[in-house]
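# Report on the structure
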Amino acid sequence: MPIVVKNLNYTYNPKTPFAKQALADVNLTVNDGEFIGIIGHTGSGKSTFVQHLNGLIKLTDGEIIVNDINLNDKKVDYLKLRSLVGMVFQYPEYQLFADTVKADVAFGPKNMKLPAEEINSRVSEALKLVGLNEEEIGEKSPFDLSGGERRRAAIAGVLAMKPKILVLDEPTAGLDPMGKREILQLMAKIRAEQNATIIMISHDMNEIYENVDRVAVFVNGTIKHDMPTEELFQKVKIEEYGLEMPAMAVIKKKLSKIGVDINGRTVTEVFSEIVKAKGGKNV
Ligand SMILES: Nc1ncnc2c1ncn2[C@@H]1O[C@H](COP(=O)(O)OP(=O)(O)OP(=O)(O)O)[C@@H](O)[C@H]1O
Ligand SMILES: [Mg+2]
């Protein structure tokens, strides 16, 4: 079942001098198994929007249905909602607090009141999935890990709840290129192996261009564009919203002007297409 959001509005501190409308008439449908990117200038409402999806921000105006859970119902089962929608916040490593990595990853499944055996097997599975060695780091304090490891431990904590929908708010922010690649590979793996729906907020247009199927562009609290990735960057002047064009999209646009049409979106794909177009062998 998809996620359906209709006419969503949200105001922080309503009816006070500090009232701030953060969302204005947001409409979005996300289908099962989709990998959708959310982009937009700072303060455009991206985080406010995604925090509605797992009930972290309570719905006040509009309609939201997540799978079979209707957030407009009088009694919403938030425990069920939070195990359905896993949320990875920006800099999630700051939320690690248990004495050991294992205990931290076990926190979510424990809240779900799963039997101990199931919790243990989920912790092992999640650590393996994010590429952390349980024997090596399981009993360590989360504070003794490197930045990238800590980020992966935090993501493991969310994955251990086996969410069908994974929402990530700038999951690669502040990581080095290698760390970024690892997180993106992990997301591709989760999607392939668990058929999860993934919603990713990012300020990195190259990362968005290379990884997601579809992009929603937030402008002043509303979704101004919602299109397949390639179409968006070829048709919409995203610079007008303070966003940068992905490097590969710029190259393709320029080549297209001189009659060379290139397929693919990753650096490797685009460059081997260019070599082919020049009459060379595939690289
Ligand atoms: N707790 C809050 N109280 C009051 N206003 C807030 C609060 N959180 C966010 N806002 C305001 O709501 C608007 C949308 O904020 P939001 O955090 O959703 O933006 P964003 O698109 O995620 O930005 P960024 O890219 O910087 O993370 C901004 O104007 C912000 O200042
Ligand atoms: Mg944000």
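Located above this text is the structure these notes cover.
Notes on the structure follow. (Residues numbered from 1 in each chain as written. Chains lettered and ligands numbered in written order. Predicted model: local features only at pLDDT ≥ 70, side-chain atom pairs only at ≥ 80, totals over all residues. Heavy atoms only, no water.)

### Regarding helix 4 (residues 116-129)
Stated formally: Runs of E in the DSSP output that reach at least two residues are strands. Runs of H or I that reach at least four are helices, and both are numbered from the N terminus. One fewer than the residue count of a helix, multiplied by 1.5 Å, yields its expected span. Whether a residue is buried, partly exposed or exposed follows from its accessible area with a 1.4 Å probe, protein chains only, as a fraction of its type maximum: under 20%, in between, or over 50%, in that order. It is the directions from the helix axis to the C-beta atoms that the arc portrays.
Between the first and last C-alpha of helix 4 there are 20 Å, a value that for 14 residues agrees with the 20 Å anticipated at 1.5 Å per step. Among the residues making up helix 4, those that are buried are Ile119, Arg122, Val123, Ala126, Leu127 and Leu129. Take helix 4 and look down its axis: the buried residues cluster within an arc of 155 degrees, on one side only. Residues of helix 4 that are exposed and point more than 90 degrees away from the buried face comprise Glu117, Asn120 and Lys128. One or two positions beyond helix 4, positive phi appears at Gly131, with a value near 80 degrees.

### Side note on the sheet that holds strand 8 (residues 197-201)
Rule in force here: Strands are labelled as partners when DSSP assigns at least two bridges between them. In this description, a line fitted to the C-alpha atoms serves as the axis of each element, helices being fitted only across the stretch in contact, and the angle between N-to-C directions of two axes falls anywhere from 0 to 180 degrees.
Here we have 6 strands laid out as an open sheet, ordered 6-7-8-3-9-10, and mixed in their pairing. Pairing within the sheet leaves two strands with one partner each, and these edge strands are strand 6 (85-88) and strand 10 (222-228). Across the sheet, the mean angle from the axis of one strand to that of its neighbour is 15 degrees, orientation sign disregarded. Here 5 bridges tie strand 7 (residues 165-169) to strand 8, and the two strands are oriented parallel to one another.

### A few points about the site of ligand 1
As a reminder of what qualifies: Only heavy atoms are used to decide nearness, and a residue is near a molecule or strand if one of them lies within 4 Å of it. In protein, a polar contact requires one atom able to donate a hydrogen and another able to accept it; more generally it is a pair of N or O atoms within 3.5 Å, and residues adjacent in sequence count only if both atoms are side-chain atoms. Each accessible area is a Shrake-Rupley result for a 1.4 Å probe, and residues are judged covered by the shown protein chains and nothing else. Each residue receives one of three labels: charged for Asp, Glu, Lys and Arg, nonpolar for Ala, Val, Leu, Ile, Met, Phe, Trp, Tyr, Cys and Pro, and polar for the others, Gly being one of them.
Taken together, 14 residues surround ligand 1, and among them Thr42, Gly43, Lys46, Thr48 and His203 come closest. In the environment of ligand 1, a nitrogen atom lies 3.5 Å from a nitrogen or oxygen atom belonging to the side chain of Tyr12. Within the complex, the protein chains bury 64% of what would otherwise be the 640 Å² of accessible surface of ligand 1. Secondary structure elements with two or more residues in the shell around ligand 1: strand 2 (20-30) and helix 1 (46-53). In terms of residues, the shell around ligand 1 owes the most to one element, helix 1, which gives 3 residues. Classifying every residue of the shell around ligand 1 gives 2 nonpolar, 9 polar and 3 charged.

### Points about the packing of helix 10 (residues 247-257) against helix 11 (residues 267-277)
The condition is simple: For classification purposes, an angle smaller than 35 degrees is called roughly parallel, one larger than 145 roughly antiparallel, one from 65 to 115 roughly perpendicular, and anything else oblique. Note: crossing handedness is left-handed where the near helix turns anticlockwise from the far helix by less than a right angle, and right-handed where it turns clockwise. Residue contacts are defined here by distance: any two heavy atoms, one from each residue, within 4.5 Å place the two residues in contact.
Closest axis-to-axis distance for the helix 10/helix 11 pair is 10 Å, and the angle between their directions is 25 degrees. Relative to helix 11, the element helix 10 is oriented roughly parallel. Taken as a pair, helix 10 and helix 11 cross one another with a handedness that is left-handed. Here Met248, Ile251, Lys252 and Leu255 of helix 10 lie close against helix 11, whose contacting residues are Val267, Val270, Phe271 and Ile274. Its residues assigned to classes, the contact of helix 10 with helix 11 shows 7 nonpolar, no polar and 1 charged.

### Re the packing of aromatic side chains
As a reminder, the rule being used: Pairing of aromatic side chains here covers Phe, Tyr and the six-membered ring of Trp, requires ring centres within 6.5 Å, and sorts the geometry by plane angle: under 30 degrees stacked, over 60 edge-to-face, intermediate tilted. In this scheme, Lys NZ or Arg CZ marks a charge over a ring once it lies within 6 Å of the ring centre and within 35 degrees of the ring normal.
Summed over all chains, the structure comprises 5 aromatic pairs. Residues Tyr10 and Tyr12 carry aromatic rings whose centres are separated by 5.0 Å and whose planes lie at 90 degrees to one another, so their mutual orientation is edge-to-face. Using a relative accessible area of 14% as the deciding quantity, one classes Tyr10 as buried. Taking relative accessible area as the criterion, Tyr12 reaches 29% and is therefore assigned partly exposed. Relative to Phe107, the ring of Phe97 lies with its centre 5.2 Å away and its plane at 85 degrees, an arrangement referred to as edge-to-face. Of this pair, Phe97 sits in the loop between strand 6 and helix 3 (101-111) while Phe107 sits in helix 3, and the two are 10 residues apart along the sequence. Between the NZ or CZ atom of Lys58 and the centre of the ring of Tyr78, over which it lies, the distance is 4.7 Å. Of note, Arg265 hangs over the ring of Tyr209, and the distance from its end group to the ring centre comes to 5.9 Å.

### Considering the nonpolar core
Applicable threshold: Residues belong to one nonpolar core when they are buried, are Ala, Val, Leu, Ile, Met, Phe, Trp, Tyr or Cys, and are joined through side-chain atoms within 4.5 Å. By convention here, the domain bounds are inherited from an automatic or database domain assignment.
One finds Ile39, Leu232 and Phe233 to be the most contacted residues of the largest nonpolar core, which totals 54 residues. No other element matches helix 6 (residues 147-159), which puts 6 residues into this core. Summarising the domain contributions, this core has at least three residues from each of domain 1 (3-236) and domain 2 (246-283).

### Details of the sheet that holds strand 1 (residues 3-12)
Strands sit in the order 2-1-4-5 across an open sheet of 4 strands; the sheet is antiparallel. The sheet terminates laterally at strand 2 and strand 5 (69-70), the two strands that pair on one side only. Note that strand 1 and strand 4 (residues 61-66) share 5 bridges and pair antiparallel. Within strand 4, the residue paired with Val4 across the bridge is Ile65. Running over the sheet, helix 1 touches strand 1, strand 2 and strand 4 and is turned about 125 degrees from strand 1.

### Description of the pairing of strand 10
On a regular strand, one side chain projects to one face of the sheet and the next to the other, so that they alternate. Alignment of strand 9 (residues 214-219) against strand 10, held across 6 bridges, turns out to be antiparallel. Bridged to Ala216 within strand 10 is Asp226.

### Digging into the layout of surface pockets
Rule in force here: Put simply, the grid is 1 Å and covers the protein atoms alone, a cavity is a trapped set of points that fit a 1.4 Å probe, a pocket is an open set with protein on both sides within 12 Å along at least five of seven lines, and lining residues have an atom within 4 Å of a point. Grid points are joined across faces, edges and corners, and a volume is the space filled by probe spheres set on the points.
Estimated volume of the largest pocket: approximately 560 Å³. Met87, Phe89, Phe107, Val158 and Met161 are the residues nearest the centre of the largest pocket, which is lined by 25 residues in total. Secondary structure elements with two or more residues in the lining of the largest pocket: helix 2 (78-84), strand 6, helix 3 and helix 6. For the lining of the largest pocket, the residue count by class is 16 nonpolar, 7 polar and 2 charged.

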